[in-house]
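Each chain is listed here by its residues.
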Amino acid sequence: MNSVNTFEISAKTQISELGLNSLDIAFGQFVFQQNKPQNICVALFASLLSQRSRHQDSCLDLNDLPEATLALLGTTSVSALQQILTQASCVATRPKEQMSQPIVLEHNQGYLRRYYDYEVALSAVIQRRLSKKIDLDIGYLKQLLDQLFPAASSVNKHVEESIDWQKVAVCVAASQSFSVITGGPGTGKTTTVAKLLAVLQGLQPKDARPLTIKLVAPTGKAAARLSESLIGAKKILPESFQSTLDAQSSTIHRLLGVKIRSVEFKHNRSNPLHLDVLIVDEASMVDLPLMCKLLDALPPQARVVLLGDHNQLTSVETGSVLYDICQSAKAAEHTAQFSQHMSDLISAAAGIDIKYIGRNNNSKEESYSPMQDALVTLRKSHRFSDASEIGQLSKAVINGQIDASLTLLAKGEQTRWHQHATVNDLVQRFAANLHDYFDAIQSGDVTKAFAQLEKQQILCAFKTGEWGVENINHKIEHELVKQGVIELGEADYAGHGIMLSSNDHNLGLFNGDIGIVMPDPENPQLNKAWFKEGPDNIRGVLLSRLPPYDTVYAMTIHKSQGSEFQTIHLCLPDYVAAHHNASLSRELFYTGLTRARESFHLYSKKDVLLNCLTSHCRRSSGLSQRLNQV
């Protein structure tokens, strides 16, 4: 009997009870064969690490293991498991010295080696940038801020509710090599960054070249939206600042330079990017490996600013980088946590008095993280007024106020809860509002067609199932056939809305890009897929050249990040199956809800909704603790 069979046979019960798949088992087999002496407990722990990485956790905290799992591993306590792992030859407990082991154990957290290396490298590059001192002309910074925020100091500057947090954010980011601006939907993150870029260009010496600024986002769709938003924000700047702001943006992958059949990029530490300032929008969508590679490719003098909403869903791949960074700065507390030095700088340059750590406290300054001087949370929503039901509901959901959330959904006008609706009810409601869209298609007006398509969107928690993306898209097209809008069996009909599901760097098309199938005006017999490139440019691509794509009437909530629509129809599954439990969360609901500008429709049974609102999407990671190690 070989060692592989020994592991599978000996651990058959545990493998089943732990829900391990073939990939997890294969890694466990590998560790079982490599470890000296062979140990079932160590191999099962390796399989658990593989399982956690599939669930996008960076690590596995031993203290989070329930007693039942410890028993399946063959141990009675966390300390007993720790002792077994410490003695295993495949586990590195001194990771800087033991470079070949596939598993790392540090501070009672187990890692797959690659994610440990990414986490350590990312925390190191962030800490280096946080410690970098910026020479700043405070007097000139004050002049620039006063020009860009002329009314900011007119109210009582000591009252927190009247603080202009956008002005604070620009002041903080101008003084840091690394900074984060976070906030909910409509809080003005893009407007803030437009003013920040104007300030940074303004601070350049008159005889110096303009700063080279790059704007990026994780997806092509998010990058296009960033460009559109910046063009709008640029118009509200004083004319003297507008000429210095370039609103062109790209994806992170395009900026770094993709290498065919490689997980590495053309730009890295040895071949850094040529830029002075990097703005990363929708940072909550950036996974741990990609963020590490991006920041590692920056030249030493560059500034980097992350923008995003740390309450949204985390990245599809491993890690929760933005959330971890914000946690390290205690951003979730919504209180000012600046050091006295930063508080004094904000007062001098922005004319705003903000409390600092240790104030009104007889003890010395509280536990302090350098991230606290590099992060600003924008509080005021300019999209949703205080009376907005969508705004109120989003706050209630993310703060875990279940009763308030249910009341707003049950009695709302902007927010409608269809507890007993069927999929067919949704389909007929949605299809009834597609008439103007297909009228635009018939008239050949692709710009108007995009505007109509973006008026409503169905968002689903999952791709499959009765309330999943695939079934709803199929039923909508079936309804369009019944109405005579499209023909039965016609795959790429005029008006077919599509979303790309993979990248094609040669075509400049990316996963998440949305297109519309329409005839070529110069050759009406030839259908092309048309894509928006910025606010004023649309280009057509032959259907035969497209990467894989899906119908887009319904999409997953994950795919909707970085977008917004006039009306959102959010669908949760009819029942909470065991494999769905971990996926339904208040962050998922919040992300879908905040895609809506004007109205929100929820299709869900009460028990499923309660499961969603009471669940947190939190990933195991050591990044937050590392950033606090001064």
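Refer to the structure above for everything that follows.
Heads up: these notes are all about the structure in this document. (Residues numbered from 1 in each chain as written. Predicted model: local features only at pLDDT ≥ 70, side-chain atom pairs only at ≥ 80, totals over all residues. Heavy atoms only, no water.)

For the rest of this paragraph, the subject is the overall build of the protein chain. Looking only at helices and strands, the protein chain has 26 helices and 20 strands in total. A globule of 630 residues ought to have a C-alpha radius of gyration of about 25 Å, and the protein chain, at 26 Å, matches this closely. On the principal axes, the C-alpha backbone points of the protein chain span a range of 75 × 70 × 50 Å. By the burial criterion, 56% of the 630 residues in the protein chain qualify as buried. Partitioning the intrachain contacts of the protein chain with sequence separation of at least 6 by distance along the chain shows that 73% fall at a separation of at least 24. In the form shown here, the protein chain has an accessible surface area of approximately 27,800 Å², with 48% of it arising from carbon and sulfur atoms. (Helix = DSSP H or I, 4+ residues; strand = E, 2+ residues; numbered from the N terminus. Rg over C-alpha atoms; globule rule 2.2 N^0.38 Å. Buried < 20%, exposed > 50% of the residue type's maximum accessible area, 1.4 Å probe, protein only. Contact = heavy atoms within 4.5 Å. Areas by Shrake-Rupley, 256 points an atom, 1.4 Å probe, with all protein chains shown as cover.)

This part is about the pairing of strand E9 (residues 303-308). Of all six residues in E9, six are buried, a share of seventy percent or more. The alternating pattern of E9 places Arg303, Val305 and Leu307 on one face and Val304, Leu306 and Gly308 on the opposite face, and all of these are buried. Of the strand pairs in this sheet, strand E5 (residues 178-183) and E9 are connected by five bridges, and their pairing is parallel. When the bridges of E9 are listed, Thr182 appears paired with Gly308. (Pairing = 2+ DSSP bridges.)

All right, on to the side chain of Arg113 then. Within the secondary structure layout, Arg113 lies in helix H7 (residues 113-131). Within the local environment of Arg113, its side chain forms a polar contact with the backbone oxygen of Gln98, the two atoms lying 2.3 Å apart. Sequence-distant contacts of Arg113, that is, excluding residues within four places in its chain, are made with Ala92, Pro95, Gln98, Met99, Ser100, Gln101, Pro102 and Val104. (Polar contact = N/O pair within 3.5 Å; in protein donor to acceptor, adjacent residues only side chain to side chain.)

Using the criterion set out here, one finds seven aromatic pairs in the structure. Seen in terms of ring centroids, Phe589 and Phe600 are 5.8 Å apart; in terms of plane orientation they differ by 75 degrees. Their pairing is edge-to-face. Placement of the pair is Phe589 in helix H24 (residues 586-593) and Phe600 in strand E20 (residues 596-603), with a sequence separation of eleven residues. Considered together, Phe589 and Phe600 belong to a single accessibility category, that of buried residues. Positioned above the aromatic ring of Phe149 is the side chain of Lys195, whose terminal nitrogen or guanidinium carbon lies 4.2 Å from the ring centre. Residue placement shows Arg379 over the ring face of Trp165; its charged tip is 3.9 Å from the ring centre. (Phe/Tyr/Trp six-rings, centres within 6.5 Å; stacked < 30°, edge-to-face > 60°. Lys NZ or Arg CZ within 6 Å of the ring centre and 35° of its normal.)

This model, assessed by the stated rule, comprises 17 salt bridges. Of the charged contacts, one joins Asp574 and Lys605 as a salt bridge, the two residues approaching to 3.1 Å between their closest N and O atoms. Residue Asp574 is located in the loop between strand E19 (565-571) and helix H23 (578-581), and its partner Lys605 is located in the loop between E20 and helix H25 (606-613); the two are separated by 31 residues in the primary sequence. Since its relative accessible area comes to 32%, Asp574 is described here as partly exposed. Within this structure, Glu106, Glu119 and Arg626 form a network of salt bridges that share partners. (Salt bridge = Lys/Arg side-chain N within 4 Å of Asp/Glu carboxyl O.)

On to the sheet that holds strand E16 (residues 538-542), then. Taken together, the five strands give an open sheet; going across it, the order is E16-E15-E14-E13-E17, and neighbouring strands pair in antiparallel fashion. Edge positions in the open sheet fall to E16 and strand E17 (549-551), since each of these has one partner strand only. When the angles between neighbouring strand axes are averaged without regard to direction, this sheet yields 40 degrees. Pairing of strand E13 (residues 497-500) with E17 involves three bridges; the strand directions are antiparallel. Its bridge partner being in E17, Met499 is matched across the sheet by Asp550. (Axes fitted to C-alpha atoms, helices over the stretch in contact; angles between N-to-C directions.)

Let us now look at the pairing of strand E4 (residues 109-112). Taking every second residue as pointing to the same face, both faces of E4 are buried, with Gln109 and Tyr111 on one and Gly110 and Leu112 on the other. Where strand E3 (residues 103-106) and E4 come together, four bridges link them in antiparallel fashion. Note on E4: the bridge partner recorded for Val104 is Tyr111. Counting the residues that bridge the hairpin from E3 to E4 gives two residues, and of these His107 lies at a positive phi of roughly 50 degrees.

Taking 1.5 Å of rise per residue, the 15 residues of helix H4 (residues 40-54) would be expected to cover 21 Å, and the 21 Å separating its terminal C-alpha atoms lies within 8% of that figure. Of all the 15 residues making up H4, 13 are buried; the element is thus mostly covered by neighbouring parts of the structure. Immediately downstream of H4, the backbone of Gln56 shows phi near 70 degrees, a positive value. (Expected span 1.5 Å × (residues − 1).)

Turning to the environment of Phe589, a few remarks are in order. With relative accessibility at 0%, the residue Phe589 sits in the buried group. Considered as a pair, Phe589 and Leu602 are 13 residues apart in the sequence and their alpha carbons are 9.8 Å apart.

The next point concerns the side chain of Gln372. Tracing the backbone through its elements, the reader meets Gln372 in the loop between helix H16 (340-350) and strand E10 (375-378). At a separation of 2.7 Å, a polar atom in the side chain of Gln372 contacts the main-chain amide nitrogen of Ser369.

A sheet is described by the order of its strands in space; here six strands give the open sequence E7-E6-E8-E9-E5-E10, paired in parallel fashion. At either end of the open sheet lies a strand with only one pairing partner, and these are strand E7 (249-251) and E10. Each strand axis lies, on average, 20 degrees off the axis of its neighbour in the sheet, ignoring direction. Pairing of E5 with E10, which is carried by four bridges, proceeds in the parallel orientation.

Right, let's get into the packing of helix H8 (residues 138-148) against H16. At their nearest, the axes of H8 and H16 sit 8 Å apart, and the two run at 60 degrees to each other. In terms of orientation, H8 and H16 fall into the oblique class. Two secondary-structure elements touch here, H8 through Ile138, Leu141, Lys142 and Leu145 and H16 through Leu345, Ala348, Ala349 and Ala350. In the contact of H8 with H16, the residues fall into seven nonpolar, no polar and one charged. (Parallel < 35°, antiparallel > 145°, perpendicular 65-115°, else oblique. Nonpolar A, V, L, I, M, F, W, Y, C, P; charged D, E, K, R; others polar.)

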